[in-house]
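Spelled out, the chains give:
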Amino acid sequence: MGLTASDTARVLAIDAGNSKTDVAVVTAAGEVLATARGGGFRPPAVGVAAAVDALAAPVARAFADAGVGSVAHVSACLANADLPVEEEQLAAALHARAWGASVEVRNDTFAILRAGVAEPRGVAVVCGAGINCVGMRPDGRTARFPAIGRISGDWGGGWALAEEALWHAARAEDGRGEPTALARTLPAHFGLPSMYALIEALHLEHVENGRRHELAPVLFETAAQGDAVARSVVDRLAEEVATMATVALTRLDLLGEQTPVLLGGSVLTAGHSQLDDGIRALLASRAPKADVRVVSAGPVLGAALLGLDRLGAGAEARERVRGHWEKRP
């Protein structure tokens, strides 16, 4: 079945995270012509030019499969686009590729948010390697945080959880802190007998620094077994998530309205009951009209929907593109 005139305006949707990139070519009618996957997107580590170079391969595959050479609009939701100036730099770099006549770059948290709502209205908190929160209204108003780390007031995410767990475990072993099973479970994860051995292994890089993120699941497992210190760290994360969501709702004047609050990222979608229950209880108290949901659809859906929003596509097109991803296992 051939494409009609209404299909000529196409969207290149890009969701680029720290570990992987998904791209899709979508018609104005919401038909998904092609998809492709690539590696992680890390401008802070490799520079903007090299990071955008890494997007070229999956985009080329998607274009080839779709039988197009360019699109009307590029909708890119990118990790590490934390400040408006970074979004502008990345948008300029993407525009120079001539993949689309127009380009819009947003932080990748916006993809999670848009994937989970029927209209661009709500708040999303994403907790994976790091933590971030954004909110948006159909009139274009947004709420966001710099989300750069401790210097911007952030705490949470897999890296911060691992660091916190290591801190408590080290102090427990040497007597400066409360006893905690983390002093046993963290080194055991790497086959080591003590925190001293783990500290030495991390410091001398016998255990690669990048493997620290493996300790976040160990923290949750230890908390689930009833360890008070581990549980206190999980409670702190629940507090942080609820605080970010409540502040974003307040900024957008949505605190008094029934509003979706979407939870995404590997930590918040893992089904940790203590964390989930804590977030919901805190939001029930502070933002009783918040409709808390976990987002399971792929974030590239959100990038595609934002692109269709930009093109003024109707509800039928949005439902068609949503159906493409939501029917997948």
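That block above? That's the structure.
Note that the structure is predicted; figures quoted are calculated from it, not measured.

Reading the values: the criteria
- Residues numbered from 1 in each chain as written.
- Predicted model: local features only at pLDDT ≥ 70, side-chain atom pairs only at ≥ 80, totals over all residues.
- Heavy atoms only, no water.
- Phe/Tyr/Trp six-rings, centres within 6.5 Å; stacked < 30°, edge-to-face > 60°.
- Lys NZ or Arg CZ within 6 Å of the ring centre and 35° of its normal.
- Helix = DSSP H or I, 4+ residues; strand = E, 2+ residues; numbered from the N terminus.
- Buried < 20%, exposed > 50% of the residue type's maximum accessible area, 1.4 Å probe, protein only.
- Contact = heavy atoms within 4.5 Å.
- Pairing = 2+ DSSP bridges.
- Axes fitted to C-alpha atoms, helices over the stretch in contact; angles between N-to-C directions.
- Core = buried A, V, L, I, M, F, W, Y, C linked by side-chain atoms within 4.5 Å.
- 1 Å grid on protein atoms, 1.4 Å probe; cavity = no way out; pocket = protein on both sides within 12 Å on 5 of 7 lines; lining within 4 Å.
- Points joined across faces, edges and corners; volume = space filled by probe spheres on them.
- Parallel < 35°, antiparallel > 145°, perpendicular 65-115°, else oblique.
- Left-handed = near helix turned anticlockwise from the far one by under 90°.
- Nonpolar A, V, L, I, M, F, W, Y, C, P; charged D, E, K, R; others polar.

**With respect to the packing of aromatic side chains**
Reasoning step 1: Within the structure shown, the criterion is met by zero aromatic pairs.
Reasoning step 2: Here the guanidinium or amino end of R106 rests over the ring plane of F110, the centre of that ring lying 5.1 Å away.
Reasoning step 3: Above the ring of F145, the side-chain terminus of R251 is found at 4.7 Å from the ring centroid.

**Quick notes on the environment of G149**
Reasoning step 1: For G149, the position within the fold is in the loop between β8 (142-144) and α5 (157-174).
Reasoning step 2: When its relative accessible area of 22% is taken as the criterion, G149 is described as partly exposed.
Reasoning step 3: Note: C-alpha distance between G149 and I131 (18 residues apart in sequence) is 8.5 Å.

**Considering helix α6 (residues 182-189)**
One turn of an α-helix holds 3.6 residues; hence residues three or four places apart share an orientation.
Reasoning step 1: When we look at burial in α6, the residues that qualify are L182, A183, T185, L186 and P187.
Reasoning step 2: Buried residues in α6 make contact with α5, α7 (195-203), α8 (215-224) and α9 (228-251).
Reasoning step 3: Just downstream of α6 lies G191, where phi reads positive at about 70 degrees.

**A closer look at unusual backbone geometry**
Reasoning step 1: Positive phi outside glycine occurs at A98, with the angle close to 60 degrees.
Reasoning step 2: Assessed through its relative accessible area of 52%, A98 is described here as exposed.

**Describing the sheet that holds strand β2 (residues 21-27)**
Reasoning step 1: The strand order across the open sheet built from five strands is β3-β2-β1-β4-β5, with neighbouring strands paired in mixed fashion. What marks the edges here is a single partner per strand, and that holds for β3 (32-38) and β5 (100-107). When strand polarity is set aside, the average angle formed by the axes of neighbouring strands in this sheet is 15 degrees.
Reasoning step 2: Across seven bridges, strand β1 (residues 10-16) lies against β2 in antiparallel orientation. Paired with L12 across the bridge in β2 is V25.
Reasoning step 3: Its contacts with the sheet put helix α2 (residues 48-66) on β1, β2, β3 and β4 (71-78), and the angle it makes with β3 is roughly 155 degrees.
Reasoning step 4: Against the sheet, helix α12 (residues 315-326) engages β2 and β3, with an angle of about 45 degrees to β3.

**What about the nonpolar core?**
Within soluble globular proteins, side chains that are nonpolar generally end up buried alongside one another.
Reasoning step 1: One finds L161, L186, L237 and L275 to be the most contacted residues of the largest nonpolar core, which totals 55 residues.
Reasoning step 2: With twelve residues, the top contributor of residues to this core is α9.
Reasoning step 3: Setting aside anything within four residues of it in sequence, one finds L186 in contact with A165, L166, A169, M195, L198, L215 and V218.
Reasoning step 4: Among the nonpolar cores identified, the runner-up in size contains 30 residues, and V26, A124, L306 and L308 belong to it.

**Section: the layout of surface pockets**
Reasoning step 1: Taken as a whole, the largest pocket spans an internal volume of roughly 1200 Å³.
Reasoning step 2: Together, 41 residues line the largest pocket, and N18, V126, G128, A129 and G130 are the ones closest to its centre.
Reasoning step 3: Per-element tally for the lining of the largest pocket: the top contributor is α5, with four residues.

**Focus on the sheet that holds strand β6 (residues 122-127)**
Reasoning step 1: Read from one edge to the other, the open sheet built from five strands follows the order β8-β7-β6-β9-β10, with strand pairing classed as mixed. One side of each edge strand has no neighbouring strand; the edge strands of this open sheet are β8 and β10 (290-294). Direction aside, neighbouring strands of the sheet carry axes that sit 15 degrees apart on average.
Reasoning step 2: Examined bridge by bridge, β6 and strand β9 (residues 259-264) share four bridges and lie parallel to one another. Of the residues in β9, the one forming a bridge with V125 is L263.

**Notes on the packing of α9 against helix α10 (residues 273-286)**
Reasoning step 1: It is the contact of α9 with α10, at a shortest axis distance of 8 Å, that shows an interaxial angle of 40 degrees. As summarised for this structure, α9 and α10 are arranged oblique, according to the angle between their axes. The handedness of the crossing between α9 and α10 is right-handed. Residue-level inspection shows R231, V234, D235, L237, A238, E239, V241, A242, T243, A245 and T246 of α9 in contact with α10, the latter providing Q274, L275, G278, I279, L282, L283 and R286.
Reasoning step 2: For the contact of α9 with α10, the class distribution of residues is ten nonpolar, four polar and four charged.

**So, the packing of α5 against α8**
Reasoning step 1: Close contact between α5 and α8 brings their axes to 8 Å; oriented N to C, the two are set at 60 degrees. By the criterion of interaxial angle, the relationship of α5 to α8 is oblique. The way α5 lies across α8 gives a crossing that is left-handed. Within the contact between the two elements, α5 uses G158, L161, A162, A165 and L166 and α8 uses L215, A216, L219 and F220.
Reasoning step 2: Along the lines of polarity and charge, the residues of the contact of α5 with α8 split into eight nonpolar, one polar and no charged.

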